[in-house]
Amino acid sequence: MAAQVEARVKFGEAARHKFIVHLYRLSREPDGRLTSGRDWSPLSKRILSKEEVRDTVGQRDIELYYVMFDSTNIHESGVWCIRRGTIEKAK
(Lines give C-alpha, C1' and ligand atoms only; values in the text may rest on other atoms or scores of the structure.)
Protein backbone atom coordinates (compact mmCIF):
# COMPACT_ATOMS: atom_id res chain seq x y z
CA MET A 1 0.00 0.00 0.00
CA ALA A 2 2.81 2.45 0.77
CA ALA A 3 4.20 1.85 -2.72
CA GLN A 4 0.78 2.66 -4.18
CA VAL A 5 0.60 5.97 -2.31
CA GLU A 6 4.17 6.79 -3.31
CA ALA A 7 3.42 6.08 -6.97
CA ARG A 8 0.35 8.31 -6.83
CA VAL A 9 2.35 11.09 -5.18
CA LYS A 10 5.29 10.94 -7.60
CA PHE A 11 3.70 10.09 -10.92
CA GLY A 12 -0.08 10.01 -10.77
CA GLU A 13 -2.78 12.44 -9.81
CA ALA A 14 -0.42 14.81 -8.01
CA ALA A 15 1.61 15.44 -11.17
CA ARG A 16 -1.55 16.70 -12.89
CA HIS A 17 -3.74 18.10 -10.12
CA LYS A 18 -1.51 18.84 -7.09
CA PHE A 19 -3.82 16.98 -4.72
CA ILE A 20 -4.74 13.40 -3.82
CA VAL A 21 -7.59 12.00 -1.75
CA HIS A 22 -6.78 8.80 0.17
CA LEU A 23 -9.88 7.16 1.67
CA TYR A 24 -10.36 4.41 4.22
CA ARG A 25 -13.77 2.95 5.06
CA LEU A 26 -13.50 0.36 7.83
CA SER A 27 -16.16 -1.88 9.34
CA ARG A 28 -16.73 -5.17 11.07
CA GLU A 29 -20.00 -6.77 12.10
CA PRO A 30 -20.22 -8.76 15.37
CA ASP A 31 -19.85 -11.98 13.35
CA GLY A 32 -16.63 -10.66 11.75
CA ARG A 33 -18.10 -9.82 8.32
CA LEU A 34 -17.51 -6.43 6.71
CA THR A 35 -20.57 -4.20 6.38
CA SER A 36 -19.90 -3.65 2.67
CA GLY A 37 -17.70 -5.28 0.06
CA ARG A 38 -15.92 -1.92 -0.33
CA ASP A 39 -14.90 -1.83 3.33
CA TRP A 40 -11.65 -2.97 4.86
CA SER A 41 -11.21 -4.62 8.20
CA PRO A 42 -10.01 -2.18 10.89
CA LEU A 43 -7.29 -4.78 11.61
CA SER A 44 -5.93 -4.75 8.03
CA LYS A 45 -2.14 -4.53 7.76
CA ARG A 46 -2.61 -2.42 4.60
CA ILE A 47 -3.86 0.62 6.51
CA LEU A 48 -1.27 3.39 6.51
CA SER A 49 -1.15 5.83 9.38
CA LYS A 50 -1.30 9.56 8.74
CA GLU A 51 2.37 9.71 9.73
CA GLU A 52 3.36 7.06 7.17
CA VAL A 53 1.50 8.96 4.47
CA ARG A 54 3.10 12.24 5.60
CA ASP A 55 6.54 10.65 5.31
CA THR A 56 5.70 9.43 1.80
CA VAL A 57 4.48 12.87 0.70
CA GLY A 58 7.57 14.50 2.21
CA GLN A 59 8.15 18.08 1.08
CA ARG A 60 6.49 17.68 -2.33
CA ASP A 61 4.24 20.50 -3.50
CA ILE A 62 0.95 18.59 -3.18
CA GLU A 63 -1.93 18.31 -0.76
CA LEU A 64 -3.11 14.86 0.26
CA TYR A 65 -6.46 14.53 1.98
CA TYR A 66 -6.45 11.51 4.28
CA VAL A 67 -9.99 10.43 5.09
CA MET A 68 -10.78 7.73 7.66
CA PHE A 69 -14.22 6.40 8.57
CA ASP A 70 -14.11 3.54 11.06
CA SER A 71 -17.49 2.34 12.33
CA THR A 72 -15.68 0.18 14.94
CA ASN A 73 -13.89 3.17 16.51
CA ILE A 74 -10.55 1.35 16.50
CA HIS A 75 -9.12 4.18 14.37
CA GLU A 76 -10.00 7.84 14.73
CA SER A 77 -12.44 8.91 12.03
CA GLY A 78 -11.91 12.27 10.36
CA VAL A 79 -10.38 14.24 7.52
CA TRP A 80 -6.78 15.47 7.57
CA CYS A 81 -4.76 17.52 5.09
CA ILE A 82 -1.17 16.38 4.70
CA ARG A 83 1.28 18.73 2.98
CA ARG A 84 4.95 19.60 3.21
CA GLY A 85 5.58 17.50 6.33
CA THR A 86 2.50 18.67 8.25
CA ILE A 87 -0.75 16.96 9.23
CA GLU A 88 -3.72 19.23 9.90
CA LYS A 89 -7.18 18.01 10.91
CA ALA A 90 -9.90 19.57 8.79
CA LYS A 91 -12.47 21.63 10.64
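Note that this is a predicted model, so its numbers are computed, not measured.

### A few points about unusual backbone geometry
- Phi is positive for Asn73, which is not a glycine, with a value near 65°.
- Note on placement: Asn73 falls in the loop between strand 2 (63-70) and strand 3 (78-83).
- For Asn73, a relative accessible area of 64% corresponds to the exposed category.
- Positive phi outside glycine occurs at Arg84, with the angle close to 45°.
- Within the fold, Arg84 resides in the loop between strand 3 and strand 4 (86-89).

### Structural notes on the confidence of the model for the protein chain
- Summing up the model confidence of the protein chain, the mean pLDDT is 85 and the portion of residues at 70 or higher is 81%.
- Here helix 2 (residues 13-17) stands out as the least confident element of the protein chain, with mean pLDDT 56; strand 4 is the most confident, with 96.

### Concerning the nonpolar core
- In this structure, Tyr24, Val53, Leu64, Tyr66 and Met68 are the most contacted members of the largest nonpolar core, which totals 14 residues.
- At the level of elements, strand 1 (19-26), helix 3 (50-57), strand 2 and strand 3 are the ones that each hand at least two residues to this core.

Rules used throughout
- Residues numbered from 1 in each chain as written.
- Predicted model: local features only at pLDDT ≥ 70, side-chain atom pairs only at ≥ 80, totals over all residues.
- Heavy atoms only, no water.
- Helix = DSSP H or I, 4+ residues; strand = E, 2+ residues; numbered from the N terminus.
- Buried < 20%, exposed > 50% of the residue type's maximum accessible area, 1.4 Å probe, protein only.
- pLDDT = per-residue confidence, 0-100.
- Core = buried A, V, L, I, M, F, W, Y, C linked by side-chain atoms within 4.5 Å.

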